[in-house]
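Residues per chain are reported as follows:
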Amino acid sequence: MKILIATEKPFAPEAVKQMGEIIENAGHQLLLLEKYTDKNDLLNAVQAADAMIVRSDIVDKEVLDAAKNLKIVVRAGAGYDNVDTATATANGVCVMNTPGQNSNAVAEMVFGMLLYLTRSAFDGTIGSELKGKKLGLHAFGNIGKLTAKIANGFGMEVFAFSPSLARNPERGKEFGVTAVQTPEELYEKSDIVSLHMPKNDHTKESVNYNLLSKLPQNGIVINTARKEVVNEADLLRIMSERPKFKYGTDIQLSAHNEATEKFGRRYLASIKKCGAQTAEANINAGLAAASQIVRFFAEGDETFRVNPR
């Protein structure tokens with residue numbers, strides 16, 4: 001089988017090397033498309049592919065229709081909203097993700113952003129400590145659980161909301177987490193909220209003025225999930241109304257320039273999404289993706305399938 005790694009934002013070289021070894025040792029052929037800037041390059045490359053590994057690359061209907069031999073796409077990461085799963089199902093293509101492989105990198109980034117925001121951007125002026133603060137985790141998957149563990153080390157009090165956790169609050173105890181029953185309760189109890197939910201019809205713009213207003217005047221929101229889960233107009237409104245409110249994000253706002261000008265260091269945004277941009281996460285997610293494809297062809301293993309058959 002011809003297995004294409006198609007990444008506008010490449011894996012670390014060591015990850016590509018090891019992925020190639022997994023693929024070729026299983027008797028398959030590695031195809032590589034890195035740092036492409038024209039979608040036509042991707043459309044041409046997928047025509048020969050039986051399988052494809054991507055990161056944040058857009059795999060839409062046009063790409064899937066061009067890939068006549070394609071049998072599986074693996075998104076190296078947890079979120080997979082960059083893949084048109086409906087068209088994939090219609091075309092008989094299995095879509096998988098690699099849950100948990102990037103989680104530690106993203107969880108660590110939460111605290112990098114928090115330290116920057118709470119310590120006044122390290123400019124020498126008075127900041128505040130994380131110890132004793134109340135952290136709310138909006139969603140409680142792999143990243144949320146690791147974030148909770150790190151927060152315990154800082155001496156923070158941790159709350160979390162997810163529908164499954166609300167149904168079974170005991171699950172939070174091993175992570176030092178108090179489960180709450182509603183998002184509203186989470187924001188009311190927290191000084192800081194970290195967002196970890198996927199983007200879907202239920203979560204889109206769900207972090208709105210009603211929720212944000214329940215945080216204290218100097219509340220902080222950290223978003224390492226997806227831009228679309230936050231109602232941007234409501235966020236800009238709350239930051240305008242509350243001169244000590246802060247927002248850190250791994251995904252720049254659409255109004256990035258306006259936010260930078262108006263809010264200065266109260267608004268922190270990475271240049272491009274980089275929560276999973278560590279050598280370790282690159283290797284973990286890449287090797288998982290390559291191994292899943294090998295098992296798919298050898299055994300029909302669809303353990304991490306995310307689209308309907």
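You'll find the structure just up there.
Residues numbered from 1 in each chain as written. Predicted model: local features only at pLDDT ≥ 70, side-chain atom pairs only at ≥ 80, totals over all residues. Heavy atoms only, no water.

Novice: Help me understand a nonpolar patch on the surface in this model?
Specialist: On the surface, Leu115, Phe122 and Phe154 cluster together to form a nonpolar patch covering roughly 270 Å² of accessible area. Owing to a relative accessible area of 56%, Phe122 belongs among the exposed residues under this scheme. (Patch = residues over 30% accessible without salt bridge, like charges linked within 9 Å, V, L, I, M, F, W, Y side chains within 5 Å. Areas by Shrake-Rupley, 256 points an atom, 1.4 Å probe, with all protein chains shown as cover. Salt bridge = Lys/Arg side-chain N within 4 Å of Asp/Glu carboxyl O. Buried < 20%, exposed > 50% of the residue type's maximum accessible area, 1.4 Å probe, protein only.)

Novice: I tried to follow helix H1 (residues 13–25) on my own but got confused; where do I start?
Specialist: Residue pairs spaced three or four apart in an α-helix point in one direction, given the helix's 3.6 residues per turn. Compared with an ideal rise of 1.5 Å per residue, which puts 13 residues at 18 Å, H1 spans 18 Å between its outermost C-alpha atoms and is within 8% of the ideal. Where H1 is buried, its residues meet strand S1 (2–7), strand S2 (29–34), strand S3 (51–54) and helix H12 (279–299). (Helix = DSSP H or I, 4+ residues; strand = E, 2+ residues; numbered from the N terminus. Expected span 1.5 Å × (residues − 1). Contact = heavy atoms within 4.5 Å.)

Novice: Is there a simple way to think about the sheet that holds strand S8 (residues 177–179) in this case?
Specialist: Sheet strands associate in pairs through backbone hydrogen bonding, adopting either a parallel or an antiparallel arrangement. Read across the open sheet, the seven strands follow the order S8-S7-S6-S9-S10-S11-S12; overall the sheet is parallel. Because the sheet does not close on itself, it has two edges, and the strands there are S8 and strand S12 (267–269). Within this sheet the neighbouring strands show an average axis-to-axis angle of 20 degrees, counted without direction. In terms of strand pairing, strand S10 (residues 220–223) meets strand S11 (residues 246–249) through four bridges, oriented parallel. Across the sheet, the residue bridging to Asn223 is Thr249, located in S11. Along the sheet, helix H6 (residues 142–154) makes contact with strand S6 (134–138), strand S7 (157–161) and S8, crossing S6 at roughly 175 degrees. (Pairing = 2+ DSSP bridges. Axes fitted to C-alpha atoms, helices over the stretch in contact; angles between N-to-C directions.)

Novice: Would you mind going over the nonpolar core with me for this structure?
Specialist: Soluble globular proteins tend to pack their nonpolar side chains together in the buried interior. In this structure, Tyr187, Leu195, Leu235, Met239, Phe245, Tyr247 and Tyr267 are the most contacted members of the largest nonpolar core, which totals 29 residues. When contributions to this core are tallied by element, the ones reaching two or more residues are S7, helix H8 (183–189), strand S9 (192–195), helix H9 (209–212), helix H10 (232–241), helix H11 (256–263) and S12. The leading source of residues in this core is H10, at four residues. Discounting residues that sit within four places of it in the chain, Tyr187 has contacts with His138, Val193, Leu195, Val207, Leu211, Leu212, Lys214 and Leu215. Listed in part, the 23 residues of the second largest apolar core include Leu130, Leu135, Ala151 and Leu268. (Core = buried A, V, L, I, M, F, W, Y, C linked by side-chain atoms within 4.5 Å.)

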